[in-house]
Amino acid sequence: MLVRDAMSTVILTLGPAHTLRQAACLMSGRRVGAAVVLDPDHSGIGILTERDILNSIGAGHDPDRESVGAHTTNNVVFCTPDATVQEAAEAMAHGGFRHLIVLENGGPVGIVSVRDVIRCWAPARRTVSAQAPGYVGT
């Protein structure tokens, strides 16, 4: 299976001047664990994750004063839509992170997360059958 089949194509993008509270509200509202950070003054693409926000708040920082730019990871590992899910999983396991930005033609086209990988590899949910132990029939 390829990353293009597993990735989310709905990408939340933030600027470096957003506050961490704004980022957290947007991430929570869209139910995503990471956002792509685009800085028009600097080349390159960064990522802000829920862990970055937690680490900042845990360190006693004020989320209304801390900027996204101060907590963005800029040395990001990327993959392409044509990478395999296995390759994406290995990159995340090796790097110790849970999200990979997917690039095509120099721009972000998606994000693949550990949750996406699990969804691809886990067996489909099964309904409880009448044969299952503990089943209470009607």
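For the structure, see preceding data.
All figures in this text were calculated on a predicted structure; none of them were measured in a lab. (Residues numbered from 1 in each chain as written. Predicted model: local features only at pLDDT ≥ 70, side-chain atom pairs only at ≥ 80, totals over all residues. Heavy atoms only, no water.)

S.K.: How do you make sense of the sheet that holds strand E5 (residues 99–104) when you look at a structure like this?
M.R.: Paired through their backbone hydrogen bonds, the strands of a sheet run either parallel or antiparallel. Pairing within the open sheet is mixed, and its 3 strands lie in the order E4-E5-E6. Looking along the sheet, the strands with just one partner apiece sit at the ends: strand E4 (78–79) and strand E6 (107–113). (Pairing = 2+ DSSP bridges. Helix = DSSP H or I, 4+ residues; strand = E, 2+ residues; numbered from the N terminus.)

S.K.: Could you clarify how one ought to interpret the packing of helix H4 (residues 85–95) against helix H5 (residues 114–121) in this entry?
M.R.: The axes of two packed helices give the description: the angle between them and the distance between them. Two numbers describe how H4 lies on H5: the axes approach to 10 Å, and their chain directions differ by 140°. Accordingly, the angle class assigned to the pair H4 and H5 is oblique. Here the hand of the crossing between H4 and H5 comes out left-handed. Residues Val85, Gln86, Ala89 and Met92 of H4 lie in contact with H5, whose contacting residues are Val114, Val117, Cys120 and Trp121. (Axes fitted to C-alpha atoms, helices over the stretch in contact; angles between N-to-C directions. Parallel < 35°, antiparallel > 145°, perpendicular 65-115°, else oblique. Left-handed = near helix turned anticlockwise from the far one by under 90°. Contact = heavy atoms within 4.5 Å.)

S.K.: Is there a simple way to think about the side chain of Asp52 in this case?
M.R.: With respect to the secondary-structure elements, Asp52 resides in helix H3 (residues 50–58). The charged side chain of Asp52 is buried without a salt bridge, its nearest counter-charge being Arg51 at 7.2 Å. (Buried < 20%, exposed > 50% of the residue type's maximum accessible area, 1.4 Å probe, protein only. Lys, Arg positive; Asp, Glu negative; His and termini not counted. Salt bridge = Lys/Arg side-chain N within 4 Å of Asp/Glu carboxyl O.)

S.K.: For this particular structure, what's the right way to read the nonpolar core?
M.R.: Soluble globular proteins tend to bury their nonpolar side chains together. In terms of nonpolar packing, the biggest core is built from 13 residues, with Val3, Cys79, Ala88, Leu100, Val102 and Val112 touching the most fellow members. Of all the elements in the fold, those that place two or more residues in this core are helix H1 (3–6), H4 and E5. In terms of residues, this core owes the most to one element, H4, which gives 4 residues. In this structure Leu100 touches Val77, Phe78, Cys79, Ala88, Ala91, Met92, Gly110, Ile111 and Val112, once residues within four positions along its chain are discounted. Counting residues in hydrophobic clusters, the runner-up holds 10 residues, among them Leu12, Met27, Leu48 and Ile53. (Core = buried A, V, L, I, M, F, W, Y, C linked by side-chain atoms within 4.5 Å.)

S.K.: I'm lost on the side chain of His99 in this one. Help?
M.R.: Looking at the element boundaries, His99 is found in strand E5. Judged by relative accessible area, which is 14%, His99 ranks as buried. Excluding residues that lie within four positions of it along the chain, His99 makes contacts with Gly33, Ala34, Ile47, Thr49, Met92, Ile111, Val112 and Ser113.

S.K.: Would you take a moment to explain unusual backbone geometry for this structure?
M.R.: For residues that are not glycine, phi is negative in most cases, and the peptide bond is trans in most cases. Phi is positive for Arg31, close to 55°, though the residue is something other than glycine. By the element assignment, Arg31 lies in the loop between helix H2 (20–30) and strand E2 (34–38). You will see that Asn105, though not glycine, has its phi angle at about 55°, which is positive. In this structure, Asn105 sits in the loop between E5 and E6.

S.K.: It is not clear to me how the sheet that holds strand E3 (residues 45–49) should be interpreted in this structure. Could you clarify?
M.R.: Judged by pairing direction, the sheet is mixed, and its 3 strands sit side by side in the order E1-E2-E3 without closing on themselves. A strand with exactly one partner marks an edge of an open sheet, and here the two such strands are strand E1 (13–14) and E3. In the sheet, E2 pairs with E3 via 5 bridges, with the strands oriented antiparallel. In the strand pairing of E3, Val36 is matched with Ile47. Relative to the sheet, H2 contacts E1, E2 and E3, its axis offset from that of E3 by approximately 80°.

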